[in-house]
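Report on the structure
Spelled out, the chains give:
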Amino acid sequence: MVSPGAPGFDTLSDLEAAALLQLTPPLAAYVQGGAGEERTLRANRAALLRYTLRPRLFADVTKLDASATLLGRRCAAPFFLAPTAYQGEIHPDGELATARAAASAGILAAFSTMSTRSLEEIARAGGAGPRWFQLYLQPEFEGSLRLVERAERAGYDALVLTADVPVFPYRDRQMHSGFAIDPDRVLGNGPGVTPPSRALLRPDPSFARRHDARAGWEVVDQLRASTRLPVVVKGVLTAEDARRAVDHGARAVIVSNHGGRQLDGAPASLDALPEVAAAIGDRAEVYVDGGFRRGADLLIALALGARAVGLGRPALWALAAGGEAGVARWIELLRTDLASALALSGRRTLAEIGRDLVRPADGPGPDHPRD
């Protein structure tokens, strides 16, 4: 590992390579890989290349404000650290380093059910910083409720229900690498916490009885009735599911294909975003994750209807490259990159970002149809 205080990268472009120098090949395969042949993983980045930005000239950008209000909580920027599992495999400080760096910068961070540190330890490390708890439904609903109650007591601001993992898929790159988590390992949130099923890979006669495999939309109602925390549904890729989520009381949805790690062949998150945003309107907040890296990427997502953007792999890269100092440095670089993109686009605040900021890379602008 790199020495404390030395993140090992100078620019956002250096980040991934710096991380890969610190990761063993199996861990790198886990972080970098997606499902199947990784079509959706590649599609997430390719979708961003289909848009260009339309800057305005002679805008007074001496005062910029890139802060955002996310479910009522003011945050320093319109991006958040998406929930990622097993951060302790990436760096010894794991989720504690991530929590401290994000909180110090005023950036929202979401933490996984499958964390290597307990949600209480993470909350203490993050202090007063904004944080959400990501929930994988447990085989028995009572197990889910225990996690929700703990998150509420520990001061989390929202509950993120990941809805796109009834089972794990084949992840070819990860399997070829030999990466595996010891099945007897106790997770940070306790010995009673169970990961999503791998029943399709390893036959399990109890699979049909698992609540997480059988859950329907009523689970959103059950969770809402069990907690004061706002419920966010993660994994939405269609207008139909977006409307259902809001009809069942979700305060927000995250447009997400799980970083290309679930259904290979699912659409790029950015491609699904306009459909979801249009379906929801102002009934709930819309977030997106999947393939975003730079400030200009964030502007494209915001212009297409997202309120904020989640980043998963880049946060893990930063953690691998330098622990807490690495995550702090990455956040600083991304905030600067976003501010630069905002100013160069001729916008001063997020409220000035609209659909007119973007155009298809091979098409006309919104007010200038093709001849």
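Report follows, based on the coordinates.

Calculation notes
- Residues numbered from 1 in each chain as written.
- Predicted model: local features only at pLDDT ≥ 70, side-chain atom pairs only at ≥ 80, totals over all residues.
- Heavy atoms only, no water.
- Pairing = 2+ DSSP bridges.
- Helix = DSSP H or I, 4+ residues; strand = E, 2+ residues; numbered from the N terminus.
- Axes fitted to C-alpha atoms, helices over the stretch in contact; angles between N-to-C directions.
- Contact = heavy atoms within 4.5 Å.
- Phe/Tyr/Trp six-rings, centres within 6.5 Å; stacked < 30°, edge-to-face > 60°.
- Buried < 20%, exposed > 50% of the residue type's maximum accessible area, 1.4 Å probe, protein only.
- Lys NZ or Arg CZ within 6 Å of the ring centre and 35° of its normal.
- Arc of directions from axis to C-beta.
- Core = buried A, V, L, I, M, F, W, Y, C linked by side-chain atoms within 4.5 Å.
- Right-handed = clockwise from strand over helix to strand, strands pointing away.
- Parallel < 35°, antiparallel > 145°, perpendicular 65-115°, else oblique.
- Left-handed = near helix turned anticlockwise from the far one by under 90°.
- Salt bridge = Lys/Arg side-chain N within 4 Å of Asp/Glu carboxyl O.
- Expected span 1.5 Å × (residues − 1).

Taken in spatial order, the 8 strands line up as 4-5-6-7-8-9-10-11 and close into a barrel, and their pairing is parallel. With strand direction ignored, the average angle separating the axes of adjacent strands in the sheet is 30°. Both strand 8 (residues 231–236) and strand 9 (residues 252–255) contribute to a ladder of 4 bridges, which runs parallel. Along strand 9, the bridge assignment pairs Lys234 with Ile254. Where helix 14 (residues 313–344) meets the sheet, its contacts fall on strand 4 (79–81) and strand 11 (308–311), and the angle it forms with strand 4 comes to roughly 165°.

Counted under the stated rule, the structure contains 6 aromatic pairs. Their ring planes at 55° and their centres at 6.4 Å tell us that Phe79 and Trp330 sit as a pair that is tilted. One end of the pair, Phe79, is in strand 4; the other, Trp330, is in helix 14, with 251 residues separating them in the sequence. Across the pair, exposure class does not vary: Phe79 and Trp330 are buried alike. The residue whose ring lies beneath Arg131 is Tyr156, and the NZ or CZ to ring-centre distance is 5.4 Å.

The next point concerns helix 11 (residues 239–247). Taken as a whole, helix 11 has its buried residues at Ala239, Ala242, Ala245 and Val246. Seen from one end, helix 11 has its buried residues packed into an arc of 125°, which puts them on one side. Where the residues of helix 11 are buried, they touch strand 8, strand 9 and helix 12 (269–280). In the stretch just after helix 11, Gly249 is the one whose phi turns positive, near 100°.

With that out of the way, let us pick up the nonpolar core. Core analysis: the biggest nonpolar cluster contains 119 residues, and Trp132, Leu270 and Trp330 have the highest contact counts within it. With 15 residues, helix 14 is the single largest residue contributor to this core. Not counting residues up to four positions away in its chain, the partners in contact with Leu270 are Ala47, Leu48, Tyr51, Phe292, Ile300, Ala301 and Leu304.

Within strand 8, 5 of the 6 residues are buried, which leaves the element mostly enclosed by the surrounding structure. The sheet contact formed by strand 7 (residues 158–162) and strand 8 spans 4 bridges and is parallel. Each residue of the ladder has a partner; that of Thr162, found in strand 8, is Lys234. As a crossover connection, the stretch from strand 8 through helix 11 into strand 9 is right-handed.

Turning to the pairing of strand 9, a few remarks are in order. Side chains Ala252 and Ile254 of strand 9 all project onto a buried face; the interleaved residues Val253 and Val255 project onto the opposite face, where all are buried too. Strand direction decides the pairing type here: strand 9 and strand 10 (residues 285–289), joined by 4 bridges, are parallel. Bridging across to strand 10, Ala252 finds its partner in Glu285.

This part covers the packing of helix 13 (residues 295–303) against helix 14. Close contact between helix 13 and helix 14 brings their axes to 7 Å; oriented N to C, the two are set at 60°. One element, helix 13, and the other, helix 14, form an angle in the oblique class. Considering the relative orientation of helix 13 and helix 14, their crossing is right-handed. On the side of helix 13, the interface is formed by Gly295, Ala296, Leu298 and Leu299, while helix 14 contributes Leu334, Asp337, Leu338, Ala341 and Leu342.

Turning next to the pattern of salt bridges. As enumerated under the stated definition, the model contains 19 salt bridges in all. For Arg73, the salt bridge identified is with Asp157, shortest N-O distance 2.8 Å. In this pair, Arg73 sits in strand 3 (residues 73–75) while Asp157 sits in the loop between helix 7 (141–153) and strand 7, placing the two residues 84 residues apart along the sequence. Arg73 sits in the partly exposed class, given a relative accessible area of 27%. The closest approach of N and O atoms between Arg224 and Asp221, which form a salt bridge, is 4.0 Å. With Arg224 and Asp221 both in helix 10 (residues 218–226) and 3 residues apart, this pair spans about one turn of that helix. Several salt bridges converge on common partners, so that one network encompasses Arg56, Arg347 and Asp356.

Quick look at helix 12 now. Note on helix geometry: an α-helix contains 3.6 residues per turn, so any two residues three or four positions apart are oriented the same way. For helix 12, which comprises 12 residues, the first-to-last C-alpha distance of 16 Å matches the rise-based estimate of 16 Å (1.5 Å per residue) to within 8%. The set of residues buried in helix 12 consists of Ser269, Leu270, Ala272, Leu273, Val276, Ala277, Ala279 and Ile280. Angular distribution of buried residues about the axis of helix 12 spans 160°; they occupy a single face of the element. Note on helix 12: the residue one or two positions beyond its end, Gly281, has a positive phi of about 60°.

Let us look at unusual backbone geometry. Here the phi dihedral of Glu38 falls at roughly 65°; this positive angle occurs in a residue that is not glycine. For His258, which is not glycine, the phi torsion reads 65° and is therefore positive. Here His258 is to be found in the loop between strand 9 and helix 12.

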